[in-house]
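# Remarks on the overall topology
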Amino acid sequence: LTHHAHVLLAVAANNDATVRDIADEVGISTRSAVTILNDLEDGGYLDREKRGRRNHYVLHPERPLRHPANAAHTVGDLISALLDVH
């Protein structure tokens with residue numbers, strides 16, 4: 001999986017995680033995590049809501065995956081397949 005997919009999964013597991021938490025979970029720098037979160041927000045895969053001094057992330061599970069080979073699948077399909085979310 002790409003770092004973008006790993007960040008999506010980290011956000012799905014904890015949508016109130018800090019950027020540092022996400023970076024540590026994925027194994028990337030904080031700067032890379034911020035860049036990826038910005039990419040995902042720009043692509044319509046998630047939204048950020050300010051809650052005090054922290055961010056809360058809202059995923060859009062209905063969004064199709066970007067790569068043409070996977071475009072028939074959604075973000076929700078990816079999350080369901082790879083993450084045990086309750």
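Structure: see above.
First, a word on what this report is: a plain description of the structure on this page. (Residues numbered from 1 in each chain as written. Predicted model: local features only at pLDDT ≥ 70, side-chain atom pairs only at ≥ 80, totals over all residues. Heavy atoms only, no water.)

## Re the overall build of the protein
For clarity, the threshold we go by: Put simply, DSSP marks the helices as runs of H or I at least four residues long and the strands as runs of E at least two long, and each gets a number from the N terminus on. C-alpha atoms define the radius of gyration, and 2.2 Å times the number of residues to the power 0.38 defines the globule rule. With a 1.4 Å probe rolled over the protein chains alone, any residue whose accessible area is under 20% of its type maximum counts as buried; one over 50% counts as exposed, and the rest are partly exposed. Throughout, a residue-residue contact means that at least one pair of heavy atoms, one from each residue, lies within 4.5 Å. Calculation of accessible area relied on Shrake-Rupley with a 1.4 Å probe; when residues are assessed, cover is drawn exclusively from the protein chains displayed.
Helix and strand counts for the protein come out as four helices and two strands. Secondary structure elements in the protein, listed N-terminal to C-terminal, are α-α-α-β-β-α. Taken over C-alpha atoms, the radius of gyration comes to 12 Å for the protein, in line with the 12 Å a tight globule of 86 residues would show. C-alpha extents for the protein along the principal axes are approximately 35 × 25 × 25 Å. Relative to its full complement of 86 residues, the protein shows a buried share of 33%. Put simply, of all contacts in the protein between residues at least 6 apart along the chain, 37% involve residues at least 24 apart. Of the accessible surface of the protein, which amounts to about 5500 Å², a share of 49% is contributed by carbon and sulfur atoms.

## Structural notes on the pairing of strand 1 (residues 46–51)
Quick reminder of the rule: Two strands are counted as paired when DSSP detects at least two bridges linking them.
Here strand 1 runs beside strand 2 (residues 54–59); their pairing, made up of six bridges, is antiparallel. Each bridged residue has a counterpart across the sheet, and for Asp 47 the counterpart in strand 2 is Val 58.

## Some remarks on the environment of Glu 25
Counting through the fold element by element, Glu 25 comes out in helix 2 (residues 19–26). A relative accessible area of 62% places Glu 25 in the exposed class. Residues Glu 25 and Ala 10, spaced 15 residues apart in sequence, show a C-alpha to C-alpha distance of 6.8 Å.

## A word on the packing of helix 1 (residues 3–13) against helix 2
Our working rule: In this analysis an axis means a line fitted to C-alpha atoms, helices contributing only their contacting stretch, and an angle means the value between N-to-C directions, from 0 to 180 degrees. Working definition: roughly parallel below 35 degrees, roughly antiparallel above 145 degrees, roughly perpendicular at 65 to 115 degrees, and oblique for all remaining angles. By definition, turning the near helix anticlockwise from the far helix through less than a right angle yields a left-handed crossing, and turning it clockwise yields a right-handed one. Any residue outside Ala, Val, Leu, Ile, Met, Phe, Trp, Tyr, Cys, Pro, Asp, Glu, Lys and Arg is labelled polar, Gly included; the first ten of those are nonpolar and the last four are charged.
Remark: helix 1 packs on helix 2, axes separated minimally by 9 Å, with the N-to-C direction vectors making an angle of 125 degrees. When the axes of helix 1 and helix 2 are compared, the pair comes out oblique. The two elements helix 1 and helix 2 cross, and the hand of that crossing is right-handed. Here helix 1 contributes His 3, His 6, Val 7, Ala 10 and Val 11 to the contact with helix 2, which in turn contributes Ile 22, Glu 25 and Val 26. Residues belonging to the contact of helix 1 with helix 2 are distributed by class as follows: five nonpolar, two polar and one charged.

## Structural notes on the pattern of salt bridges
Our working rule: The rule for a salt bridge is simple: a side-chain nitrogen of Lys or Arg has to be within 4 Å of a carboxyl oxygen of Asp or Glu.
A full pass over the atoms with the stated rule returns three salt bridges. Arg 20 is the partner of Asp 24 in a salt bridge, and the nearest nitrogen-oxygen pair spans 3.1 Å. Taken together, the positions of Asp 24 and Arg 20, both in helix 2 and four residues apart, correspond to about one turn of that helix.

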